Amino acid sequence: MAEKRTTKRTWENAVIKDKSIRVKFWLGPKNGKFTPRFDFNPVVSSISFVLILAFVLWCVLATDHATDSFGSAKSWITDCFTWLYVGSQDFWALVIIIIYFSKYGNMKLGKDDEEPEYNDASWFAMLFACGVGVGLFFYGVAEPIWHYTGANRYSADKYMADNELAQKAMNLTFFHWGIHAWIVYVVVGLLLAFTTYRKGMKMTMKSCFYPLLGDRIFGWIGDFIDILSVITTLFGVCTSLGLGVMQINAGLHYVNESIEENTTNQVIIIWCITFIATCSTVSGVGWESGGSVSSALVSECS
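Presented here is a report on the structure given in the accompanying data block.

Rules behind the numbers
- Residues numbered from 1 in each chain as written.
- Predicted model: local features only at pLDDT ≥ 70, side-chain atom pairs only at ≥ 80, totals over all residues.
- Heavy atoms only, no water.
- Patch = residues over 30% accessible without salt bridge, like charges linked within 9 Å, V, L, I, M, F, W, Y side chains within 5 Å.
- Areas by Shrake-Rupley, 256 points an atom, 1.4 Å probe, with all protein chains shown as cover.
- Salt bridge = Lys/Arg side-chain N within 4 Å of Asp/Glu carboxyl O.
- Helix = DSSP H or I, 4+ residues; strand = E, 2+ residues; numbered from the N terminus.
- Buried < 20%, exposed > 50% of the residue type's maximum accessible area, 1.4 Å probe, protein only.
- Expected span 1.5 Å × (residues − 1).
- Arc of directions from axis to C-beta.
- Phe/Tyr/Trp six-rings, centres within 6.5 Å; stacked < 30°, edge-to-face > 60°.
- Axes fitted to C-alpha atoms, helices over the stretch in contact; angles between N-to-C directions.
- Parallel < 35°, antiparallel > 145°, perpendicular 65-115°, else oblique.
- Left-handed = near helix turned anticlockwise from the far one by under 90°.
- Contact = heavy atoms within 4.5 Å.
- Nonpolar A, V, L, I, M, F, W, Y, C, P; charged D, E, K, R; others polar.

### Points about a nonpolar patch on the surface
- Nonpolar side chains collect at one region of the surface, where F49, V50, L53, V56, L57, V60 and L61 lie side by side and expose about 690 Å² of accessible area between them.
- Note that F49 resides in helix 2 (residues 42-61).
- The exposure class assigned to F49 is exposed, which follows from its relative accessible area of 55%.

Put into structure tokens, the structure is as follows:
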């Protein structure tokens, strides 16, 4: 009980010091405006790197085995846990709605005396560009058409009316790219923003578990949470990047048939996108740097 009361008291007063092992250094003068600064957990970084490297080597050296394993795993997860995916999204959507209309709906994610650094339009541009922008442009059109005309359990029902089939196709698309898609970003974003900007903790997933685990997040449990979050985030980004690259390659081929749809061109596109994204990330999100500018440019082009 004493530990629980201490945890609650420090959480409410935001007196929370990161006790994890960290490595910090600057590449140049500390006061330099664009001087790179590194601050990371060597345990999380090294283990994540080794696991990701091992996974990549497995996929490269045993492609057929990896493909079969992924197919089997996907089928098993789809058959056994589709209910959990659908139900959890509904649950978190309900949680967010309750929070929005509760006394916490107007609480700042930063300190009480701080003002927003960007307006609503800028935030929307950044969230849209970093969120579902790539997939939404393509699958927002392709997915309802596929559900409507493709071979699936709905189109296989010969007794289903045409207008009902079209409505089901739109309902599925709304679930994938509507409120439920944004709920994932909202929940994680709120937790990270609250713990980082209001409580002064590090922007890592383990910080979100401090109210539940207390100082134990600064040990192996917290490292495990961060390693898992690094790996799953990387895989998610790679999926979005891969889909986006294929879309860009197909679009360039449509505009100019001399640009072939092949692996070489897709690798080149990956390097270009990675370079631009890295520059935007390293420069920060301010107007004087690149994050907001690049996001606004994406929204304007849309």
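Following the structure, the description resumes.
### Thoughts on helix 2
- Relative to the 28 Å expected for 20 residues at 1.5 Å per residue, helix 2 spans 28 Å between its end C-alpha atoms, a close match to the ideal helical length.
- For helix 2, the complete set of buried residues consists of V44, S48 and I52. Along helix 2, the residues classed as buried sweep out an arc of 40° about the axis, all on the same side. Exposed side of helix 2, more than 90 degrees from the buried face: F49, V50, V60 and L61 are the residues found there.

### So, the packing of aromatic side chains
- Overall, the coordinates contain ten aromatic pairs when judged by the stated rule.
- With a centroid separation of 5.8 Å and an interplanar angle of 85°, the aromatic rings of Y85 and F175 are classed as edge-to-face. Here Y85 is found in helix 3 (residues 63-101), whereas its partner F175 is found in helix 6 (residues 162-177), with 90 residues between them in sequence.
- The class of Y85 is partly exposed, set by a relative accessible area of 42%.
- Classification of F175 as buried rests on a relative accessible area of 17%.
- Taking 5.1 Å as the distance between ring centres and 70° as the angle between the ring planes, the aromatic pair formed by F91 and W92 counts as edge-to-face.
- Clustering of aromatic rings is evident, with ring pairs tying together F55, W58, F70 and F235.

### Quick look at the pattern of salt bridges
- Tallying each qualifying case throughout the model produces one salt bridge.
- Among the salt bridges present, the one from K108 reaches E115, with a minimum N-O distance of 3.8 Å.
- Exposure remark for K108: the relative accessible area of 29% places this residue in the partly exposed category.
- For E115, a relative accessible area of 63% corresponds to the exposed category.

### Structural notes on the packing of helix 2 against helix 9 (residues 220-255)
- Look at helix 2 against helix 9: their axes get within 9 Å of each other, and the N-to-C directions meet at 40°. Between helix 2 and helix 9, the interaxial angle falls into the category oblique. Relative to helix 9, helix 2 is oriented so that their crossing is right-handed. Where helix 2 approaches helix 9, its residues V43, V44, I47, S48, L51, I52 and F55 are matched on the opposing element by D223, D226, I227, V230, I231, L234 and F235.
- A breakdown of the residues in the contact of helix 2 with helix 9 according to their chemical character gives eleven nonpolar, one polar and two charged.

### Topic: the packing of helix 6 against helix 7 (residues 179-198)
- Running from N to C, helix 6 and helix 7 point in directions that differ by 10°, and their axes come no closer than 3 Å. Judged on the interaxial angle alone, helix 7 and helix 6 are roughly parallel. Facing F174, F175, H176 and W177 of helix 6, the residues of helix 7 in contact are I179, H180 and A181.
- In terms of residue class, the contact of helix 6 with helix 7 is made up of five nonpolar, two polar and no charged.

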